[in-house]
Amino acid sequence: MNINEQYAAKAFTRQSRIFDECFSENIIIQYKRSRVRKLVSTRLPPNSRILELNSGTGEDAIWFAEQGHQVHATDISTGMLNVLNEKTAGCGLQNKITTELCSFTNLQSLKDKGPYDLIFSNFAGLNCTGEINLVLQHFEDLANPSGLVVLVMMPGFCLWETALLFRGKFKTAFRRLFSKKGVKARVEGIPFTCWYHRPSIIINLLKSNFKLLKLEGLCSLVPPSYLERFPEKHPALFRFLKKKEDRLKDRWPWKFIGDYYILVMQKKG
């Protein structure tokens, strides 16, 4: 684990006890989760084996397990995994979810090497590394024949974020556009660096062994989740934007300009 990952692990461990309380009621986050889960569930075979990277407090791991899948959940934060294990026990899903403290840049050291029907990373965990190649190089060995890869990541441009220029928030508006050396983030007072990876970077790094199935923008018309009061202040507009995004999510330019993108790839036969 490199120094940046050590800082990120410390930050998210510090946040782990309040993470669900802070974010579970956010209506936009609920929308994002439902979008990702709907897309995955249409392609994932029953009773699949899933490797989850940056699993956090286990919201997705528990959902997958409740659908009948077997999940090996990994994270670099001991605090996040402790919360996940507590929630797993509380739901009686110990036979469906296993956990491992492991960096996604060190997947060769995984105790459970699969193979897996799905390699899954949600909500920009992989944006916490500038060495994305070290993550992706192990996917071929970890994936089953015809295995899926679903990554939810932040691109180098976000329409909503850039529009903050008109509110005088210049630093936020341009932070992705000048992010080649990474951008400083801060969680619970602890700084670490994030990188914004374009979809083409991921696709090119995986194209030898995986083919592209789907690319969708997420929160390209719907506002980012840090504008959490938007749905309450503008309920009709929020419903309209959701409807429009659901129709345009995989079209140009919308699939490239969201707060996130959802990338679905499949191992070549």
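This report concerns the structure included in the present document. Along each chain, residues carry numbers from 1 onward, in the same order as the chain's sequence is written. Only residues with pLDDT of at least 70 are given local features in this predicted model, and only at 80 or more are side-chain atom pairs given and counted; all residues enter the totals for whole chains, interfaces and linings. Values reported for side chains reflect all heavy atoms of the structure, with hydrogen atoms and water molecules removed beforehand.

## So, the nonpolar core
Nonpolar side chains in soluble globular proteins tend to end up buried together.
Then, in step 1: We call a set of buried Ala, Val, Leu, Ile, Met, Phe, Trp, Tyr and Cys residues a nonpolar core when their side-chain atoms join them within 4.5 Å. Exposure categories follow from relative accessible area, calculated using a 1.4 Å probe and restricted to protein chains: below 20% of the type maximum is buried, above 50% is exposed, and the middle band is partly exposed. With 38 residues, the main nonpolar core has Val40, Phe64, Ile97, Leu118, Phe120 and Ile262 as its most contacted residues.
Then, in step 2: Those elements that provide at least two residues to this core are helix 2 (27-41), helix 3 (59-66), strand 2 (70-75), helix 4 (78-91), strand 4 (116-121), strand 5 (143-153), helix 11 (235-248) and strand 9 (260-267).
Then, in step 3: Contacts: residue pairs with any heavy atoms within 4.5 Å of one another. Those residues within four positions of Phe120 in sequence are excluded, and the remaining contacts are Val36, Val40, Ile50, Leu51, Glu52, Leu53, Asp60, Phe64 and Val150.
Then, in step 4: Among the nonpolar cores identified, the runner-up in size contains 35 residues, and Leu126, Cys128, Val149 and Leu263 belong to it. Helical segments are the DSSP runs of H or I of at least four residues, strand segments are the runs of E of at least two, and each set is numbered from the N terminus.

## Points about the sheet that holds strand 5
Then, in step 1: Any two strands with at least two DSSP-identified bridges between them are counted as paired. The strand order 3-2-1-4-5-9-8 describes an open sheet built from seven strands, whose pairing is mixed. Strand pairing shows two members of the sheet lacking a second neighbour, strand 3 (97-101) and strand 8 (210-218), which therefore form its edges. Averaged over all adjacent pairs, the angle separating strand axes in this sheet is 15 degrees, with direction ignored.
Then, in step 2: Relative to strand 9, strand 5 runs antiparallel, the two being bridged by six bridges. Each bridged residue has a counterpart across the sheet, and for Val152 the counterpart in strand 9 is Ile262. Lines fitted to the C-alpha atoms define the axes, with helices restricted to the stretch that makes contact. Angles between their N-to-C directions range from 0 to 180 degrees.

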